[in-house]
Amino acid sequence: MQKLIIAAQGKSKQSRNNKRGSLFEKLIKEVLSTLGFEVENSRVRYSGMEIDIEGHRSVTGHPFIGECKIRENGVTAPELTNFWGKYTSQWFQNKKLEAVFIALPDVNGDAKGSYNTYLKDNKETSFVLIEEEALLKYIFEKKLAVTPEVINKSLRETIGNDQLGDCELIFTDRGYFWIQRIIPYGETLPTRAYLIDSKGNIIENHETTDYMKNCYSQSDSYGFISDVTSSREGSIMPLSLLEEVVEVQGSSACFEYQLPASPEYFFGRSKVLKDCHDFFKEISENKRATRGLLLLANSGWGKSSLILKLKKALDKEFFVIPIDSRSASTQDFPLKVFDHVMKRICESNFLNNISREYRIGGFNSLVSLLQIVDSDLKTNNRFMVVFFDQFENIFFQPLILSAIRTLLAKIAELQLNIVFGFAWKTDLAGMTEEFPYKLRDEITEKCIHIRLELFGEKEISAILKELVKELHSKIRKDLEFQLREYSQGYPWLLKKLCAHVIKQRKKGVTQIDLATRMLNIRELFEEDISDLTPEQDRVLRNIAKQAPILQSDMSSDVLPIKVIQSLIDTRLIVKIGSKYDIYWDIFRDYLNSGSVPVEESYMLRTTPSTILKMISILYTSESFSINEVIKVLKITEKTFRNILKDSKLLELVEEKNNDIILKKDLKLTVAPPVESNEVIKSRIKEKLCKHRAITILIEKLTEKEKLSINELRDIIQKTFSYISADNKTWITYAKIFATWMDFADLAIFQDQFLLKYDPNIEVRSRRQFIWREKSKGVYLPDIQYHPIEIAMEAIATAIINKAGRIDLTGISRSSWRKALRACVELGFISIEGQRIKLNHAGLIFVQQKNNRSQLFYQACQQISVFNLFEKIVSNPANKTKTVAELGSVLKKEFNKDWTSETTHLIAKVMINWLKYAGILKNVRRRRKVNYNQNSQLKLID
């Protein structure tokens, strides 16, 4: 089977694309000239993949317009119909206008249907469609390159009993070249290729083959035979020969956490299994055209185990092959996958009419073979499912990704009885600008999505029952609770914790000791490597840096095979075909970075004040024994264990030899709970921001700004679905989480509501401002301008510095409360409960120091008393009146029954405001400025 490729070399991707565009333009001009079209103008677009053209017919002089497109999956129907719409809109203006549409390799099935129905036999318009076949015919007729038949004939004697695979015609700036794949005798896949020039001569020099590899990267793994006299044994060994396709392997025991769970050790997931079964049922009943299934979940949530379960559950009508994508190395991986699948089908006798003599000569041959397989599948009402597990390992291999994307599109277009399944982790980190988002997203769009959740209470209960069988004894309630909580709903982690319990029980450790010293993920990883020799530790970390790593890339000096085997024996590394990998990607990330890239999820059962009490005790000495702390706090051991557990989770204290000490990196300078609260708060805030439940609550507050205690309860209960508790307990847990968020300034917990807190535009305090509006009547200003300015600058400084408290230097408590009220009435700030929010007018006021007089005046105009007093002062009749007399006029005009003291105070304040608003002149201004005008505030609407 033949294919036309346009290829070019260049120093950058853009440079290569520009050259490809020029070659494409040259080719279509030559082809159109042969067909009687003269191109006058052309414009290359979209990285050389599209060209717009216009010109005229050589004989008739009729004008024409055209579009030329290269698409790996074929040009789509919308692209064709969009051009048709563009053409017809111009055709109505000039009925002699013709259209040319060039599609390489072709238009897809939907587009071909539209063309045949509406365009092909349309007698009124002139529409010419040119595809790959016509372009190749032109090239052969013009003798620009020999035909495949000529190559076949010339190579027949050279290759002996070997078979010819697919061939590709490559158009470059050096002309045309053929790449002919060769399938060795007795094999099913090509392992090498001949590079042949346009006249049919085999190219023997390495300079040209290297040039071709630079032009056409897909040719890099072919293993060109550049010396026809050399034996096959002496030929270049392509990397693809070293590549092995490996199926996903299941565990041999329930608590073998290094491998996915085999079907017999699979628990729960009833909803997900039902969703998958419904999908396959709809396909089998021709109710769904989609041929892709995507399983989405974070690492360690059981995607691989689910695939193995589906393989067994679908065994009768569906032939399921789960492929471990970590084994992928070269662009030929898709060919090797289906070669493996075909061998497995032949071994199993799943189909009756599939020949064991099949050959896969290349991508085009593969599509034809799948159509043959599809015919047998449909005859027997059966389906083939190929699952690509751990597919994220292919994301950075765009040639493989592109080929699988194209195959998926092809089987969907042809509606074959073949399904592709994909599983990749959704918490993938480390993306770069080279990441092929478009290719990945095109696969995503062609799949239905089924998302896995964390283990719930039922799944965990089922696994814990298996633990009881393994231990031959019941599990203590406190140990069971710890296993539920520490597992965080991760299937993998629960099994690892259970394996840890089994191991420790065999050593004679009691259940009560295990319950009090349950390990988190980091500690479990540290336990994994604690018994390693220095050499084993070095080799393990070297493999982690490169994993998954090919065996051929491993130096025996740097990575001794005996040490590697010992790590395989301890199950810390696994062998996948010709590659080695760390048994779990999160463990690999831990070895590389020292951190655990997993959202934390633990239940907090104590309040900040309780933990601060313990920290204040520990601060007075280097260490305290457990009994001493219990005695000083006057609490039970059970209560102390909860306090200690939360303190350790928040990384505030550590336990050593039955002693409790503060974390050395906490760096407290003054005993809690006052001055050093900010140090502790900073540590707790850092930890809570990594907590799964806290992250969800913050996201919800972004949407709603306010959550009731019942809403909090529901979110906490859903997040900790693997924990069983009654409604009252869940309410208690919700309040504790809200209290911690309040303490860390992540939100405000007030009156049984959790409120959004944004430190970019807000500042809060638990004591500094308790402000209540006494009445909803007319506001009567009772504070002069100067305290208002000080208050605004103090608020702005606290927000900029995210200080958490406002510096009240230069203003009394009484003036502070009055100034706050005035700032609210002026529209500078808003106050809700324990927080102050800086409004837009207030932001401008503190930023524009030189314009404050005008800004203050604009704000004052919202105050009815100010407007009336300004009118009174501006009246010439009141020019000579004293402050008391002006106050009397204001009292009369306002129709208020004020005392003389109140009347005088309001008049005095109003005169002060008018002066600072720039209405009254000759004012001696007193300003104590604490605000740095160069500081920047960001207003968030």
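Refer to the preceding data block for the structure.
Keep in mind it's a predicted model, so treat the numbers as computed, not measured.

**Observations concerning the overall build of the protein**
Right, on to step 1. Helix and strand content of the protein: 34 helices and 26 strands.
Right, on to step 2. With the C-alpha coordinates of the protein rotated into their principal frame, the extents come out at 120 × 90 × 55 Å.
Right, on to step 3. Expressed as a percentage of its 941 residues, the buried residues of the protein come to 53%.
Right, on to step 4. Look at the contacts in the protein between residues 6 or more apart in sequence, and 68% of them connect residues 24 or more apart.
Right, on to step 5. Accessible surface for the protein amounts to roughly 44700 Å². Of this, 47% is attributable to carbon and sulfur atoms.
Right, on to step 6. Of note, the protein has its 137 positive side-chain charges centred 7 Å away from the centre of its 120 negative side-chain charges.

**Some remarks on the environment of Leu 273**
Right, on to step 1. Looking at where Leu 273 falls in the secondary structure, it is placed in helix α7 (residues 270–284).
Right, on to step 2. Once residues within four sequence positions are removed from consideration, Leu 273 is found in contact with Phe 266, Gly 268, Leu 306, Lys 309 and Leu 310.

**Description of the packing of aromatic side chains**
Right, on to step 1. The full count for this structure, using the stated rule, is 42 aromatic pairs.
Right, on to step 2. Taking 5.2 Å as the distance between ring centres and 65° as the angle between the ring planes, the aromatic pair formed by Phe 279 and Phe 280 counts as edge-to-face. Note on accessibility: Phe 279 and Phe 280 belong to one class, buried.
Right, on to step 3. Relative to Phe 587, the ring of Phe 525 lies with its centre 5.0 Å away and its plane at 45°, an arrangement referred to as tilted. Placement of the pair is Phe 525 in helix α17 (residues 521–529) and Phe 587 in helix α20 (residues 585–593), with a sequence separation of 62 residues. Taken as a pair, Phe 525 and Phe 587 share a single burial class, namely buried.
Right, on to step 4. In this structure an aromatic cluster arises from ring pairing among Tyr 257, Trp 492, Phe 525, Tyr 583, Trp 584, Phe 587 and Tyr 590.
Right, on to step 5. Note that Lys 706 overlies the ring of Phe 753, its terminal NZ or CZ placed 4.5 Å from the centroid.

**Considerations on helix α8 (residues 303–313)**
Right, on to step 1. Within α8, the full set of buried residues consists of Lys 303, Ser 304, Ser 305, Leu 306, Ile 307, Leu 308 and Leu 310.
Right, on to step 2. On its buried side, α8 packs onto α7, β10 (292–297), β11 (318–324), β12 (383–389) and β13 (418–425).

**Some remarks on the sheet that holds strand β22 (residues 747–750)**
Right, on to step 1. Sheet architecture is open: three strands sit in the order β21-β23-β22, paired in antiparallel fashion. Where the open sheet ends on each side, the last strands, each with one partner, are β21 (706–708) and β22. Across this sheet, the average inter-strand angle for adjacent strands is 20°, counted without regard to direction.
Right, on to step 2. Bridge count between β22 and strand β23 (residues 753–756): four bridges; the pairing is antiparallel. Among the inter-strand pairings, Gln 750 is bridged to a residue of β23, identified as Phe 753.
Right, on to step 3. Helix-sheet contacts for helix α26 (residues 709–719) involve β21, β22 and β23, and the interaxial angle to β21 is about 85°.
Right, on to step 4. Packing of helix α27 (residues 727–743) onto the sheet brings it into contact with β22 and β23, and relative to β22 it is tilted by some 130°.

The rules behind each value
- Residues numbered from 1 in each chain as written.
- Predicted model: local features only at pLDDT ≥ 70, side-chain atom pairs only at ≥ 80, totals over all residues.
- Heavy atoms only, no water.
- Helix = DSSP H or I, 4+ residues; strand = E, 2+ residues; numbered from the N terminus.
- Buried < 20%, exposed > 50% of the residue type's maximum accessible area, 1.4 Å probe, protein only.
- Contact = heavy atoms within 4.5 Å.
- Areas by Shrake-Rupley, 256 points an atom, 1.4 Å probe, with all protein chains shown as cover.
- Lys, Arg positive; Asp, Glu negative; His and termini not counted.
- Charge placed at Lys NZ, Arg CZ, Asp CG, Glu CD.
- Phe/Tyr/Trp six-rings, centres within 6.5 Å; stacked < 30°, edge-to-face > 60°.
- Lys NZ or Arg CZ within 6 Å of the ring centre and 35° of its normal.
- Pairing = 2+ DSSP bridges.
- Axes fitted to C-alpha atoms, helices over the stretch in contact; angles between N-to-C directions.

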